[in-house]
Amino acid sequence: MCGIIGFVGKKSAAPILLEGLRRLEYRGYDSAGVALLDEGSVLIRKKKGKIDEGLARLLKSEPVAGNLGIGHTRWATHGVPSDKNSHPHLDQSGKIAVVHNGVIENYDALKQRLLKAGHTFKSDTDTEVLAHLIGVHYEKRHGQNGKNGGENPLTQAVCDALREVIGTYGLAVICAGQPGTIVGARRGSPLIIGIGTGENFLASDANAIVAHTKKVVYLSDYDVATVTSDRFDVLNLGTDTATVQISNLEFSQEDAARGRHAHFMLKEIYEQPRAIENALRGRVDAEGATAKFGGLNMSVSEMRSIDRIVIAASGTSWHAALVGEYLIEELAQIPVEVEFAHEFCYRNCPLEKNTVLLVLSQSGETADTLAALREAKRRGHRALAIVNVVGSTIARESDGGIYMHAGPEIGVASTKAFVSTLAVLSLLAVHLGRMRNLPARRALEILHALEAVPKQIESLLTQNNSLKKIAKKYAKAEDFFFLGRGYTFPIALEGALKLKEISYIHAEGYSAAEMKHGPIALIDKNTPTVFLVPQDSMYDKTMANLAMIRARQGPIIALATEGDQAIKKVANDVIYLPKALEPIYPIIATVPLQLFAYHIAAARGCDVDKPRNLAKSVTVE
Ligand code: AGP
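None of these values were measured; they are calculated from a predicted model. (Residues numbered from 1 in each chain as written. Predicted model: local features only at pLDDT ≥ 70, side-chain atom pairs only at ≥ 80, totals over all residues. Heavy atoms only, no water.)

Caption draft 1: Focus on the sheet that holds strand β11 (residues 215–218). Here eight strands make up an open sheet; going across it, the order is β3-β2-β4-β1-β10-β9-β11-β14 and the pairing antiparallel. Edge strands, defined here as strands with exactly one partner in the open sheet, are β3 (41–48) and β14 (246–248). Between one strand and the next, the sheet's axes are offset by a mean angle of 20°, whatever the strand orientation. With three bridges connecting them, β11 and β14 associate as antiparallel partners. Opposite Val-216, over in β14, you have Ser-247 as the bridge partner. (Pairing = 2+ DSSP bridges. Helix = DSSP H or I, 4+ residues; strand = E, 2+ residues; numbered from the N terminus. Axes fitted to C-alpha atoms, helices over the stretch in contact; angles between N-to-C directions.)

Caption draft 2: Spotlight on the pattern of salt bridges. Evaluation of the coordinates by the stated rule reveals 33 salt bridges. The salt bridge involving Glu-352 is made with Arg-308; its shortest N-O contact spans 3.1 Å. Of this pair, Glu-352 sits in the loop between α10 (341–344) and β19 (355–361) while Arg-308 is found in strand β17 (residues 308–313), placing the two residues 44 residues apart along the sequence. For Glu-352, a relative accessible area of 38% translates into the label partly exposed. Classification of Arg-308 by relative accessible area gives buried; the value is 13%. A salt bridge links Glu-494 to Lys-498; the shortest N-O distance between them is 2.6 Å. Placement of the pair is Glu-494 and Lys-498 together in helix α16 (residues 489–503), with a separation of four residues, close to one helical turn. As far as burial versus exposure is concerned, Glu-494 and Lys-498 are alike and both buried. Linked through salt bridges whose partners overlap, the residues forming this network are Arg-308, Glu-337, Glu-339, Arg-347 and Glu-352. (Salt bridge = Lys/Arg side-chain N within 4 Å of Asp/Glu carboxyl O. Buried < 20%, exposed > 50% of the residue type's maximum accessible area, 1.4 Å probe, protein only.)

Shown next, in the form of structure tokens:
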């Protein structure tokens, strides 16, 4: 997904746009660019590559003035990363500039029509087609308004163009003929208005503008905003009247800064004790031996009537969903089915009357997951969400939900949001279980174990240096397996994803028991296996699976429970975990795997926070 920022005020826009784009770079970093309005002209500066190597240097060598502008960081969908495909894009006249996040699905038909009308294009992008379409409508509107004045012709031109568009967009538009005005619009890709004093902003997420204002308006789908330095107006293409609600951001600029850590990912790994505390805060009801939530918007009888839960998510959040399945089925005895969000939308999954959909999403903007939520609601089912970003689209479109309160997660590889999701899922399982047959004693065991987790993570973090030594031993491996059983099987998948997405090493998470049915053929002395083998109910069987790997000379890095001496005889390296209840092991075991992946990626010189080909939140299907 891409990052968008717009500014209009009295200050020089370029530095504000550049700083905002730096805070958005985790959203996409193939290229970046800005467009400014200065003395009646639209001036573009854009460059392939990351901001500091590209756009920042360009602005230094070719500075641009103006107190109104828009900026963009790109995660390529149409057209390879290149200078010409970077945003902003101009219309045919060169007087209108557009930045866009999303996919214009009918761009080719529109492009053919414009080519026939004599338009020429400089890029391969769908966004440039949108810019030209807005330009065509602007010429019509501006001509008309020359007669009837009144409505802003740029706003009307954007509305006219978007009525012809099929697809998704978060966009910002400026025009040489409309000084002092930025038009923004959204459908399927997030866009917010930042409200300043004598200045206003547009942004794809609050990280870009939190340094300037905490007052924001989250735009809804089909909203079109007209923003000037001292006001903003919002209309809705669907209903013509938009609901505008001013919200206050919960986090500060410092929260979103990297601080003393070398990478955001490391900072966010170290924030995990606080993140778990925030996830639990105010939700543990020790007296009732249960958990409590404020935003599920369901009565007790409605919660009791749930007879099946489908959990839909993507990526790391999908791994959390798998843990959620184990937790809810064990503690609440409610059948749970886990779906990849993108599969759920299109495979006509059977949903009974009292089936509830639960979606998990850190960003609250993942297109696949949003589509799953909308599909369940379209079919008349309640859709709940566990989300980190307050005010995100999934949070606002769900029927109820639970915020993680993990704070901004900037590193593309999700860490603290993942363990926060697991903590919330544990609380939810207890909450549902205590409405059914979960005994108070067992519930209290789980709740107390959850409350002990922050300190256990802190003790695990003190192993960082020894973990770094182990990680460096294996940094040159080209293939890895991550194996687990029961509650730690999803964590094996997550450990593999962490390693592959930031170090680019091929890593496969697998069920330890399933290896003998084929994949064990891949084991040899050059293929290390990270084995999750805590002293849980599966320990003996998992140790037997481990022996099969060892018998084939596969190097083994074992995550074992402190005090386990037997493991030392069969593993090449051992990482000890504190003793914990089985349902809590997923949270505990994740932390060493995050650090293991981090140190290998750092040893390989990879860009840990902005891995190649990835973006923090994928807002395209
Ligand atoms: C996680 O490390 C990945 N960056 C990615 O798999 C991510 O979890 C996935 O895209 C889902 O994102 P979400 O939680 O914001 O919906």
